[in-house]
Amino acid sequence: MEEFMLPCLNKKLLGYECFGCGIQRSIALILEGEFVGAFHMYPAIYSLIVLFGLILINYFQNFKWGSKIITILAILNAVIIVTSFIIKNFIIN
């Protein structure tokens, strides 16, 4: 599966990981059953799965607080992704 993954052009050209770096490998780890490794690779993976699941459910069955819950989860995901980006690029390296 690894040979079919797309390389991160941002990392190759600029030397910094992008906001999405690690998501492909994280999905691959989930499919292999490595759930903790998937979280370490991309911390927002599980909250993104929940977010997209709720968006899909809300699309077909509009529930009362759907838009507010989706908005809160989207903001939470943005915070997790930006925090992870800052930690990976500026604190660890």
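Residues numbered from 1 in each chain as written. Predicted model: local features only at pLDDT ≥ 70, side-chain atom pairs only at ≥ 80, totals over all residues. Heavy atoms only, no water.

Asks: Which parts of the structure should I look at to understand the nonpolar core?
Replies: Soluble, globular proteins show a tendency: their nonpolar side chains are buried together. By size, the foremost hydrophobic cluster in this structure holds twelve residues: Leu-29, Ile-30, Ala-38, Tyr-42, Ala-44, Ile-45, Leu-48, Leu-51, Leu-54, Ile-70, Leu-73 and Ile-81. Of all the elements in the fold, those that place two or more residues in this core are helix H2 (23–31), helix H4 (45–60) and helix H5 (66–92). Counting residues per element, this core draws most heavily on H4, at four residues. (Core = buried A, V, L, I, M, F, W, Y, C linked by side-chain atoms within 4.5 Å. Buried < 20%, exposed > 50% of the residue type's maximum accessible area, 1.4 Å probe, protein only. Helix = DSSP H or I, 4+ residues; strand = E, 2+ residues; numbered from the N terminus.)

Asks: Explain the packing of H2 against H4 here, please?
Replies: Closest axis-to-axis distance for the H2/H4 pair is 11 Å, and the angle between their directions is 85 degrees. Comparing the axis directions of H2 and H4 gives the class roughly perpendicular. Contacts from Ile-23, Ser-26, Ile-27 and Ile-30 of H2 reach H4 at Ile-45, Tyr-46, Leu-48 and Ile-49. When the residues that make up the contact of H2 with H4 are grouped by side-chain class, the tally is seven nonpolar, one polar and no charged. (Axes fitted to C-alpha atoms, helices over the stretch in contact; angles between N-to-C directions. Parallel < 35°, antiparallel > 145°, perpendicular 65-115°, else oblique. Contact = heavy atoms within 4.5 Å. Nonpolar A, V, L, I, M, F, W, Y, C, P; charged D, E, K, R; others polar.)

Asks: Explain the layout of surface pockets to me, please; I cannot follow it from the model alone.
Replies: Remark: the empty space left among the atoms is shown by a probe the size of a water molecule rolled over them. Of the pockets and cavities examined, the largest pocket occupies roughly 250 Å³. Together, 14 residues line the largest pocket, and Leu-6, Cys-8, Gly-22, Gln-24 and Arg-25 are the ones closest to its centre. Ranked by residues supplied to the lining of the largest pocket, first place goes to H2 with three residues. Tallied by class, residues from the lining of the largest pocket come to seven nonpolar, three polar and four charged. (1 Å grid on protein atoms, 1.4 Å probe; cavity = no way out; pocket = protein on both sides within 12 Å on 5 of 7 lines; lining within 4 Å. Points joined across faces, edges and corners; volume = space filled by probe spheres on them.)

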